[in-house]
Structure formats: structure tokens, C-alpha cells
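Descriptive analysis of the structure
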Amino acid sequence: MEGPQQENPAEPPKVAGEANGSTDTGRGPRLREIPLRLMIPNMITVLAICAGLSGIRLAFENRIELAVAMVLLAAFLDGIDGRVARLLKATSNFGGQMDSLADIINFGVAPALVLYVFILDQARSIGWIAALVYAIACGLRLARFNVMAERQSKAAWQSEYFVGVPAPAGAMLVLLPVYLGLLGLAPERTMALIASGYTVLIAFLLVSRLPVWSGKSESRVRRDLVLPVILVVVFYVATLMTYTWETMAVTALGYLITLPFGARSWQRKYGGDWPAHPAHGGDGLPGDKVD
């Protein structure tokens, strides 16, 4: 008759739950259990962060053209990571938090520092204050967007309009003085002061309650407009590759010009004042009632 089994001192005791293969809920699922498709959008977000931070380094090395290109690349990557996640059905709360943290770097910190190194430093403390105001405004705008996105009940206009200029567009707009400088405009003190005022203006547009058309409601193109739209896209990409800074300057100015028309379109469609009360969807500011 065999005696009782002795425990092997070299083998560590098993933790409760390991016998049936369950994971420690406090530590989260093991990495090998996460499908690769769930990691792809997060990898794109990480690449966007790397591009934004690389843009800052290149700016301090006085390689401004590459710095701006990196910031724009970060904006492009940030714009596609969410779409890739939805296409792969890989959306997650973790990815949403990663994307939100990436936005403040790519659209707030990186453009502000690139702009400061290129021209705002000529205005000394005024230029630095303008850069700070823009970066903080971008953070506030992103926080408000996250609060509004989490609301259970949303107003009908929220599927068509942003509240204030979105952060990616703000990054593209605030770099307008850099585009002009790369086209030959001297970054001297007078221009630095003007650029500082312009930077504060863009910061105000980010945190304002201005209705800005988002384009999200236009998910389809009429059949007779398919070919013209394709030609317009090809023309824009070709000019962007050939006349990069001229195209970016025209794009920024064109976007600014369209803002009053978007606000007027909202007023015609929905009427009345731009809603701020929580009953109408709120603006995501502190003090709003949580639905």
C-alpha cells in the first residue's frame, strides 16, 4: 500500500484559480489571450505619440520642416486609429483612454512647442504664455469632448456638429505661422507678437461653444458625385505633395473661413441659441448635470 503523497518542495504551491486556468482578475487577462486585432489600433496610437514627440525633438534641432511633417503625421495616425478599431471590431475602453492621452501630446503639446521654437520665442514671455494657453485649451477641449461622448442621452445636433473647433483641426490651424515662415515670411519679433495673438485666438476657438460642422453625418456620396470627389482628392493630394506649405496655408485659411458658415447652418437647421443647458446636451463644462 502506498503511503500518503509528499509535496515536492521544489514546486511552488498553486494559487487558487490556477488549476482551472482562470486568470487573476486584479492583474487583467494574460497577454497571450488578447487577439492581435485588438492590439493593432493601440499600436497605431503609440506610433502617433512617437511621431508627435519626434516632432518636438526635430523642432529643437531646428529641422522645422520635418518637425511639422511629424506633427501632421501624428494627426493622420490619430485620425485613422479609431476607424481601424471600428473596422476590426477592436474598440475598447483601454484604446479610448490611450487615444485621449495621445491627443493632448499630438494636438496640444507638440504643435505648441514647434510653434514656440520656430517663432514664438522671438516674443519672449508673451510667446511662451501664448503657447501655454493653447496647450491648456487643447486639454480642456479634449476633456469636454470626452465628457459629452460619455453622456447617455445626446442631442440630435451632436451627430453633425462639434462644440468648438476639434483638436486635430486646432493643431493644423495653429501651425499657420510656421507654414508662412517656411514660405519665406521672416520670423522676427513683430510677426512673433502677431503669431502669439493668433495662437490665443485658436485656443479660444478650441474651448468656445461655436458649432463646427463635423462631417460625420455624411457617410455616403451621391453616385453622380463619386468621380468628381475622387478627382478633387487626387488634386489635393498632388498639390500637397508638390506645394506642401502653400497647400497647408490655404487649407488652414479655408477652414477658418468656413467656420461662420457652419455656425449659420446650425442656426438655420436647429434655430435658437447654441445649447448649453444639460437638458439640451450640455457643453461638458464643470457643473453640468450628469445624465
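Residues numbered from 1 in each chain as written. Predicted model: local features only at pLDDT ≥ 70, side-chain atom pairs only at ≥ 80, totals over all residues. Heavy atoms only, no water.

Some thoughts on the confidence of the model for the protein chain
- Summarising the model, the protein chain shows a mean pLDDT of 79, and 76% of its residues fall at 70 or more.
- Within the protein chain, strand β1 (residues 161–163) has the poorest average pLDDT of any element, 81, and helix α7 (residues 189–207) the best, 94.
- This model gives residues 15–19 a pLDDT under 50, and the stretch forms one contact once residues within four places in sequence are excluded.
- Ignoring residues within four places in sequence, the model shows residues 287–291, a span with pLDDT below 50, making 12 contacts including any to other chains. (pLDDT = per-residue confidence, 0-100. Helix = DSSP H or I, 4+ residues; strand = E, 2+ residues; numbered from the N terminus. Contact = heavy atoms within 4.5 Å.)

Observations concerning helix α5 (residues 167–174)
- The element α5 is largely enclosed, with a buried count of seven among its eight residues.
- When α5 is considered as a whole, its buried residues turn out to be A167, A169, G170, A171, M172, L173 and V174.
- For α5, the elements touching its buried residues are α3 (93–118), α4 (125–149), α6 (176–182), α7 and α9 (244–270). (Buried < 20%, exposed > 50% of the residue type's maximum accessible area, 1.4 Å probe, protein only.)

Points about the packing of helix α2 (residues 64–87) against α3
- Where α2 contacts α3, the axes come no closer than 10 Å and their chain directions differ by 160°. In terms of their interaxial angle, α2 and α3 are classed as roughly antiparallel. Here the hand of the crossing between α2 and α3 comes out left-handed. In contact with I64, A67, V68, V71, A74, A75, D78 and D81 of α2, α3 contributes D99, A102, D103, N106, F107, A110, P111, V114 and F118.
- In terms of residue class, the contact of α2 with α3 is made up of 12 nonpolar, one polar and four charged. (Axes fitted to C-alpha atoms, helices over the stretch in contact; angles between N-to-C directions. Parallel < 35°, antiparallel > 145°, perpendicular 65-115°, else oblique. Left-handed = near helix turned anticlockwise from the far one by under 90°. Nonpolar A, V, L, I, M, F, W, Y, C, P; charged D, E, K, R; others polar.)

Considering the environment of S100
- As for its placement among the helices and strands, S100 is situated in helix α3.
- Each C-alpha atom of the pair S100 and N146 lies 8.1 Å from the other, and the pair is 46 residues apart in sequence.
- With residues near it in sequence (within four places) discarded, S100 still touches L142 and N146.

Structural notes on the side chain of T247
- Turning to its location among the elements, T247 is positioned in helix α9.
- Contacts of T247, omitting those with residues within four sequence positions, involve Y236, T239 and L240.

A closer look at the packing of helix α1 (residues 36–60) against α2
- The N-to-C vectors of α1 and α2 enclose an angle of 165°; their axes lie 8 Å apart at closest approach. Comparing their axes, α2 and α1 come out roughly antiparallel. Handedness of the α1/α2 crossing: left-handed. From α1, I40, P41, I44, T45, L47, A48, A51, G52, S54, G55, L58 and A59 reach across to α2, where they touch I64, L66, A67, M70, L73, A74, L77, D78, I80, D81, V84 and A85.
- For the contact of α1 with α2, the per-class residue count stands at 18 nonpolar, four polar and two charged.

A few points about the pattern of salt bridges
- Using the criterion set out here, one finds two salt bridges in the structure.
- In this structure, the salt-bridge partner of R57 is E61, at a minimum N-O distance of 2.9 Å.
- Across the pair R63 and E61 runs a salt bridge, and its minimum N-O distance is 3.0 Å.
- For R63, a relative accessible area of 41% gives the class partly exposed.
- Note on E61: relative accessible area 35%, which makes it partly exposed.
- Salt bridges sharing common partners tie together R57, E61 and R63. (Salt bridge = Lys/Arg side-chain N within 4 Å of Asp/Glu carboxyl O.)

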